[in-house]
Amino acid sequence: MTFVHLIYVQIEILPMMRVYESVLLFLLFPTTVLPFIWQQSSSSNKISRTQKEVAEALKMLTVQQTKQELFENQQRAQTEAYILKNFPWIVKNNSLGNYFTSGRTHNSADVLHDGKDYTNSAIVFLHQSQSGGSAISDCLETIAKKKALPKSEFMSGSKRVKWDKMDEKARALGDKFKIHSGDSAFGLCDQLRGKCSYFTVVRNPMEHALSTYQHCKTSLGDERCSVINANKVTLREWILHQGSTVFQKLLFRSDICDKRNSHLITYNNTTPGSKLKIKNENLPCWYKQKLHQQQLTKTDRQHLINYITDNLDEYFAAIGLYDELENSAHIFEHVFQLPFSRVCKNLKNTRNDELSVGNNRANNNNKPRDDLYENDPANFQYDSEVLDALEPDYQIYWKAQQIFKQQKQRLFNKIE
């Protein structure tokens with residue numbers, strides 16, 4: 001490097017100094033200034049290289065993201081085609097999507113003033129037992145009375161079979177109901193001719209299984225408890241018997257429950273994982289649905305799980321969580337403009353420690369060793385049969401959690 005070159009470099013790096021000052025510094029302190037010049041020049045080159053590398057990395061990430069989105073869109077299209085061909089009844093055509101997330105853009109201002117379609121629609125609550133379902137159903141009864149809103153009877157499996165068989169005259173009367181609820185209510189909107197919205201509350205699947213197990217030990221008359229006696233099976237056997245209940249309800253077909261269509265299900269008089277015999281006499285509708293779904297192939301089931309999770313925010317105008325029942329009430333109140341939180345004081349965040357998955361061991365100290373294993377949820381985290389039985393509901397629950405978080409952020413205008 002020539003002396004003149006050094007001067008030019010110095011002018012570039014120390015622009016605030018005059019040329020002669022730079023030269024003087026170099027002549028007086030050559031061992032200090034020269035390394036400084038080299039260091040600055042090298043640093044400038046490094047910055048340039050770093051910027052180029054960052055730009056190239058961003059370009060690669062953009063390409064990868066585009067490829068991933070294209071792949072996901074192809075997968076979604078394949079799933080939708082498969083569903084339309086094999087399970088067309090789970091495609092819902094007459095329900096409003098999620099108020100906060102489904103194809104709608106709200107800012108913090110208009111979210112508080114939009115939504116007349118939801119306010120004026122018929123509303124259908126999909127009841128989930130032992131998940132705050134009874135509290136919401138009772139709340140709807142109270143609201144219906146206070147607001148003088150027509151409400152249909154609780155939509156059990158047998159009631160739903162009758163509803164779906166109604167002629168046009170009876171169906172016109174059914175359109176006059178504002179509020180519907182029940183554990184076999186999903187799909188009802190397609191039987192109505194006006195605008196319609198679904199909402200529901202879901203719970204962690206393992207906690208739900210444990211809760212229904214404890215409930216059915218003392219409530220043998222409950223339809224959900226009627227197929228086998230919970231007092232005569234272990235928790236593991238109960239989970240395998242019950243399966244993924246939310247998944248079952250989202251796949252509901254009323255014709256499966258019609259006695260004339262018994263050929264649609266394959267009957268097995270032994271519940272999975274247990275030697276306990278089941279009598280083939282007046283099986284409840286939910287269990288017929290489960291038997292029918294047990295005939296699904298692995299491919300069928302995976303496509304159904306994918307389709308349901310992809311469309312969960314298209315199915316439900318609002319989704320609540322059992323662990324956040326109070327916030328869920330505020331969300332329902334905002335979406336439907338009905339006084340859930342103001343009228344129904346029992347809608348509080350509900351979590352019974354006695355039913356938490358960590359406490360079931362203490363309740364089984366006097367049981368045989370094998371039963372101890374099969375009654376401890378901690379042992380099920382690597383149990384392939386249990387995981388397989390609950391997988392659909394876990395996939396749905398995780399998606400519901402994501403949607404619920406977005407609903408809260410939109411409604412309360414805050415990020416947690």
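What you see is a predicted model, and the numbers here were worked out from it, not measured in a lab. (Residues numbered from 1 in each chain as written. Predicted model: local features only at pLDDT ≥ 70, side-chain atom pairs only at ≥ 80, totals over all residues. Heavy atoms only, no water.)

Chemist: What's the story with the pattern of salt bridges in this structure? I'm lost.
Modeler: In a structure, side chains of opposite charge can pair up when their charged atoms sit close to one another. In the structure shown here, the tally under the stated rule is 14 salt bridges. One salt bridge in this structure joins D383 and R236, with 2.6 Å as the shortest N-O distance. Placement of the pair is D383 in the loop between helix 16 (369-374) and helix 17 (384-412) and R236 in helix 9 (residues 235-242), with a sequence separation of 147 residues. When salt bridges with common partners are traced through the structure, they connect E168, D175 and R193 into a single cluster. (Salt bridge = Lys/Arg side-chain N within 4 Å of Asp/Glu carboxyl O. Helix = DSSP H or I, 4+ residues; strand = E, 2+ residues; numbered from the N terminus.)

Chemist: Can you walk me through a nonpolar patch on the surface in this structure?
Modeler: Taken together, the side chains of V54, L58 and L61 present a nonpolar region at the surface, about 290 Å² in accessible area. Along the chain, L58 falls in helix 3 (residues 30-86). (Patch = residues over 30% accessible without salt bridge, like charges linked within 9 Å, V, L, I, M, F, W, Y side chains within 5 Å. Areas by Shrake-Rupley, 256 points an atom, 1.4 Å probe, with all protein chains shown as cover.)

Chemist: Help me understand the packing of aromatic side chains, please; the structure alone is not making it clear to me.
Modeler: The geometry of an aromatic ring pair comes down to the distance between the two centres and the angle between the two planes. The final tally for this structure, using the stated rule, is 17 aromatic pairs. Where F87 meets W89, the ring centres are 5.6 Å apart and the plane angle is 75 degrees; that geometry is what we call edge-to-face. Judged by relative accessible area, F87 falls into the buried class, the value being 8%. The exposure class of W89 is partly exposed, given its relative accessible area of 24%. With a centroid separation of 6.3 Å and 70 degrees between ring planes, the pair formed by Y198 and F316 is classed as edge-to-face. Taken together, the residues span a long stretch of sequence, with Y198 in strand 3 (residues 196-202) and F316 in strand 4 (residues 316-321) at a distance of 118 residues. Side by side, Y198 and F316 carry an identical accessibility label, which is buried. Taken together, the ring pairs connect F125, F199, F332, F336 and F340 into an aromatic cluster. The ring of Y322 carries R203 above its face, with NZ or CZ at 4.0 Å from the centroid. A cation sits over an aromatic face here: R253 above W89, 4.5 Å from the ring centre. (Phe/Tyr/Trp six-rings, centres within 6.5 Å; stacked < 30°, edge-to-face > 60°. Buried < 20%, exposed > 50% of the residue type's maximum accessible area, 1.4 Å probe, protein only. Lys NZ or Arg CZ within 6 Å of the ring centre and 35° of its normal.)

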